[in-house]
Amino acid sequence: MLPQAVPFLARRRGVLLRLGGWSLLESAQTFLGGYGVAAALDRGFLAGQPAVGLGWLAVAAAAVVAGGAATHRVFHRLADLVEPLRDGLVRRVVGSALSSAVAGRGGCTGHAAVSRLTHQTEAARDGFAGLVMVTRSFVFTTAGVVVGLAALAPALLLVVLPPLVAGLVLFIAALRPMAARQQDFLRTDEELAARIGSDVAGLRDIVACGAEARAADAAGELIDAQTRAARALARWAAVRTVALGLAGQAPVVLLLAAAPWLLDRGVTAGELLGALTYLTQALLPALNTLMTGLGTAGTRLLVILDRLTGPEEPPAPGFPTAPAARTVEKPGAASDPGPRSRGAVTALAGARPRTPGPRKPAPQQGTPPAEPDAAAPSLELRSLSFSYGPDATPVIDGLDLLVEPGEHLALVGPSGIGKSTLFGLVAGLLEPDRGQLLIGGAPVHRPDRDPSAARRALIPQEAYVFGGSLRDNLLYLCPGGAPTPDVEAAVRAVGLDGVVRGLGGLDARIDPAALSQGERQLVALARAYVAPARLILLDEATCHLDPAAEARAERAFADRPGTLLVIAHRLSSARRADRVLVLDGVSATAGRHEELLERSQTYRDLVGHWHPQAG
């Protein structure tokens, strides 16, 4: 800040001179305060002339009144120094925000620009004003004290100056590390708040991916960093307290201890009392105000000014590339958030599902966890029931469903009928009230308690993207990583390759806010594609893609080894599936598209409402 502060102050020499002129009256007030007490004692009361003593006390009182008037004028002149700083900061923030908006960058636009334009610039203005006042007051008060001690008895300076200088040197030496620790504390506090906020908003997705431990570790690292920063800041605050004691309180103690020595050298009682008045009534309060102001408000001002006058487009704060430090920047949201049931879903009627034909080979992915029972169906629901409360109407009621390995099943039904609720049960995010839910013959549990949770992956409607590199985002569900050819194959399969080229490659750092909703969905789809999961749940995860992009992504997952369940929102999505499961709140029916057109009135209604171009 010093290289920028010097030219700013140099352009305002006139204002500084006027401030200094009025502040000289405060020095005179300080000088007369101690000198008047000494003269009142030595020349008045101890000399048997109380009128003289009262006269000198009246002079000291008049100096206080004159000093108050000078302080009033100082506040008027302070605006000439402070307001130009605020105006310059406002112009810089507005210019930066406009430049970022024109260039299409996130930068300082939006809420960040509003915060800088209002709260941060006003905080900088007030902090700068306070800093000028306490520094000016200390300088001119100290000048009055030094001149007053020299006028009373030069020997007093031998006692007072050494601890005063030593304390000031210690305090000045601690200012830079104290500011650095203050900046570390504010940075870690902001990172922790951002992390907790994004984790809470994306809690459903974190649990769905079984990433609770990873998210907890990342938050724990930030909490530890904040604790370390707070402790370091407290240590430097203790140094400030030591400096205050050395510069302000040690001279008083030394003056009392040296009183016999000073009296032997001709220092009078009045001069000793005047020196104590200087120290206790002027110097110590000025020191306390200075060190408090510079140690807290001053360091905070440096941090704010550094942000406001830094680069116009600061890079987005990145996180370490280790899995434990990834941050959820755009949390997902379920399309079926609560118990909006239109009725119970009865047991699935009809024949057992057909076994799909052979799949085309897909690029080799990470090795999936071994199936507990290779002959067991991929997914089986046995009399499954679930409601959102003990007295609520069941959303799922006695549902039986069998999905074979490698099958592609589309789930359709009116909005709020329980499609996302069913996906939440399959993913382990919700626990059924009754019945069984088996994947590969093994019961499904919450992802944090299920050793087989990596065998399934849920991609929500509003996909989330982390603020790290694109590669980190794609490998988030691959704890052991994956070879670059596998990642590139996933990118090509779901149609993310154009986005990758535009971003600058797999290792480019991405700003989630700069991606469209469709681009974020493609990132989430590629992340699931390269993952070892063999049961993929697409909860309207392609709703922000155009029909061609949606078809490409769904075909990629259909050709990928494993089982695919899709909540369909287009006719084409349902027609691509091996089977379609229709939920209507009264019954559940499964079959192929042509079969359901004959058997299910609900399905015919849905098909009739789907726009032909959406198919």
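Just so it is clear, the model here is predicted, and its values are computed rather than measured. (Residues numbered from 1 in each chain as written. Predicted model: local features only at pLDDT ≥ 70, side-chain atom pairs only at ≥ 80, totals over all residues. Heavy atoms only, no water.)

1. What to know about the overall build of the chain
In terms of regular secondary structure, the chain is built from 18 helices and ten strands. Here the chain, with 615 residues, has 49% of them falling under the buried criterion. Accessible surface, the chain: about 27500 Å² in total, of which carbon and sulfur atoms supply 61%. (Helix = DSSP H or I, 4+ residues; strand = E, 2+ residues; numbered from the N terminus. Buried < 20%, exposed > 50% of the residue type's maximum accessible area, 1.4 Å probe, protein only. Areas by Shrake-Rupley, 256 points an atom, 1.4 Å probe, with all protein chains shown as cover.)

2. A few points about the pairing of strand β1 (residues 379-386)
By the criterion of burial, β1 is predominantly enclosed, with six of the eight residues buried. As judged from the five bridges shared by β1 and strand β2 (residues 396-403), these two strands associate in the antiparallel manner. Within β2, the residue paired with Glu-380 across the bridge is Leu-402. By the bridge criterion, five bridges tie β1 to strand β4 (residues 434-439) in an arrangement that is antiparallel. Within the sheet, the bridge partner assigned to Glu-380 lies in β4 and is Leu-438. (Pairing = 2+ DSSP bridges.)

3. Some thoughts on the sheet that holds strand β9 (residues 579-583)
The sheet built from six strands is open, its strands ordered β6-β7-β8-β3-β9-β10 with mixed pairing. Edge positions in the open sheet fall to β6 (456-459) and β10 (588-591), since each of these has one partner strand only. Strand-to-strand twist across the sheet, computed as the mean angle between neighbouring axes with direction ignored, equals 15°. Across four bridges, the pairing between strand β3 (residues 408-412) and strand β8 (residues 563-567) is parallel. The partner of Leu-411 across the bridge, within β8, is Ile-567. (Axes fitted to C-alpha atoms, helices over the stretch in contact; angles between N-to-C directions.)

4. Structural notes on a nonpolar patch on the surface
On the surface, a nonpolar cluster with roughly 270 Å² of combined accessible area is contributed by Phe-45, Leu-54 and Leu-57. Mapped onto the elements of the fold, Leu-54 is located in helix α3 (residues 50-103). (Patch = residues over 30% accessible without salt bridge, like charges linked within 9 Å, V, L, I, M, F, W, Y side chains within 5 Å. Salt bridge = Lys/Arg side-chain N within 4 Å of Asp/Glu carboxyl O.)

5. Observations regarding the pairing of β4
Alignment of β4 against strand β5 (residues 442-443), held across two bridges, turns out to be antiparallel. For Ile-439, the partnering residue across the bridge sits in β5 and is Ala-442. Linking β4 to β5, which pair antiparallel, is a turn of two residues; within it Gly-440 sits at a positive phi near 65°.

6. A look at the sheet that holds β5
Spatially, β2-β1-β4-β5 is the arrangement adopted by the four strands of the open sheet, whose pairing is antiparallel. Since the sheet does not close on itself, it has two edges, and those belong to β2 and β5, each with one partner. Along the sheet face, helix α10 (residues 419-427) touches β1, β2 and β4 and points at about 120° away from the line of β1. (Contact = heavy atoms within 4.5 Å.)

7. Side note on unusual backbone geometry
Within the chain, Ser-383 stands out as a residue other than glycine whose phi angle is a positive 50°. Here Ser-383 lies in strand β1. Judged by relative accessible area, Ser-383 falls into the partly exposed class, the value being 41%.

8. Here's the deal with the pattern of salt bridges
For the structure on display, the rule yields nine salt bridges. In this structure, the salt-bridge partner of Arg-382 is Glu-380, at a minimum N-O distance of 2.9 Å. We classify Arg-382 as partly exposed; its relative accessible area is 37%. When its relative accessible area of 18% is taken as the criterion, Glu-380 is described as buried. Close ionic contact of Arg-471 with Asp-507 constitutes a salt bridge, the shortest N to O distance being 2.8 Å. Pair noted here: Arg-471 is in helix α11 (residues 470-474) and Asp-507 is in the loop between α13 (497-503) and α14 (517-530), with a separation of 36 residues, a long-range link. Residue Arg-471 is classed as buried on the basis of its relative accessible area of 19%. A residue is classified by how much of its surface remains accessible, and Asp-507, at 55% relative accessible area, is exposed. One continuous salt-bridge network, built from bridges that share partners, spans Glu-550, Glu-554 and Arg-576.

9. What about the environment of Cys-543?
You can see Cys-543 is positioned in the loop between β7 (535-538) and α15 (547-559). Remark: the alpha-carbon pair of Cys-543 and Gln-517, spanning 26 residues in sequence, is separated by 9.4 Å. Setting aside residues up to four positions removed in sequence, Cys-543 forms contacts with Gln-461, Gln-521, His-569 and Arg-570.

10. Some thoughts on the nonpolar core
Soluble globular proteins tend to pack their nonpolar side chains together in the buried interior. One finds Leu-474, Leu-496, Leu-525, Ile-536, Leu-538 and Phe-557 to be the most contacted residues of the largest nonpolar core, which totals 42 residues. No other element matches the eight residues that α14 contributes to this core. With residues up to four places along the chain from it excluded, the contact list for Leu-538 reads Phe-423, Ile-459, Leu-525, Phe-557, Leu-564, Leu-565, Val-566 and Ile-567. Listed in part, the 34 residues of the second largest apolar core include Val-145, Ala-153, Leu-279 and Ala-282. (Core = buried A, V, L, I, M, F, W, Y, C linked by side-chain atoms within 4.5 Å.)

11. Notes on the packing of aromatic side chains
In this structure the tally under the stated criterion is four aromatic pairs. Taking the centre distance of 5.4 Å and the plane angle of 15° together, the rings of Phe-31 and Tyr-35 count as stacked. Residue Phe-31 and its partner Tyr-35 are located together in helix α2 (residues 13-45), separated by four residues, close to a single helical turn. On the basis of relative accessibility, which here comes to 18%, the residue Tyr-35 falls in the buried class. For the pair Tyr-529 and Phe-557, a centre-to-centre distance of 5.5 Å together with 75° between the ring planes defines the contact as edge-to-face. You can see Tyr-529 sitting in helix α14 and its partner Phe-557 sitting in helix α15, a full 28 residues away along the chain. What links up through ring pairs into an aromatic cluster is the set Phe-31, Tyr-35 and Trp-56. One residue, Arg-560, lies across the ring of Tyr-529, its end atom 5.6 Å from the ring centre. (Phe/Tyr/Trp six-rings, centres within 6.5 Å; stacked < 30°, edge-to-face > 60°. Lys NZ or Arg CZ within 6 Å of the ring centre and 35° of its normal.)

The analysis is restricted to geometry; functional conclusions fall outside its scope.
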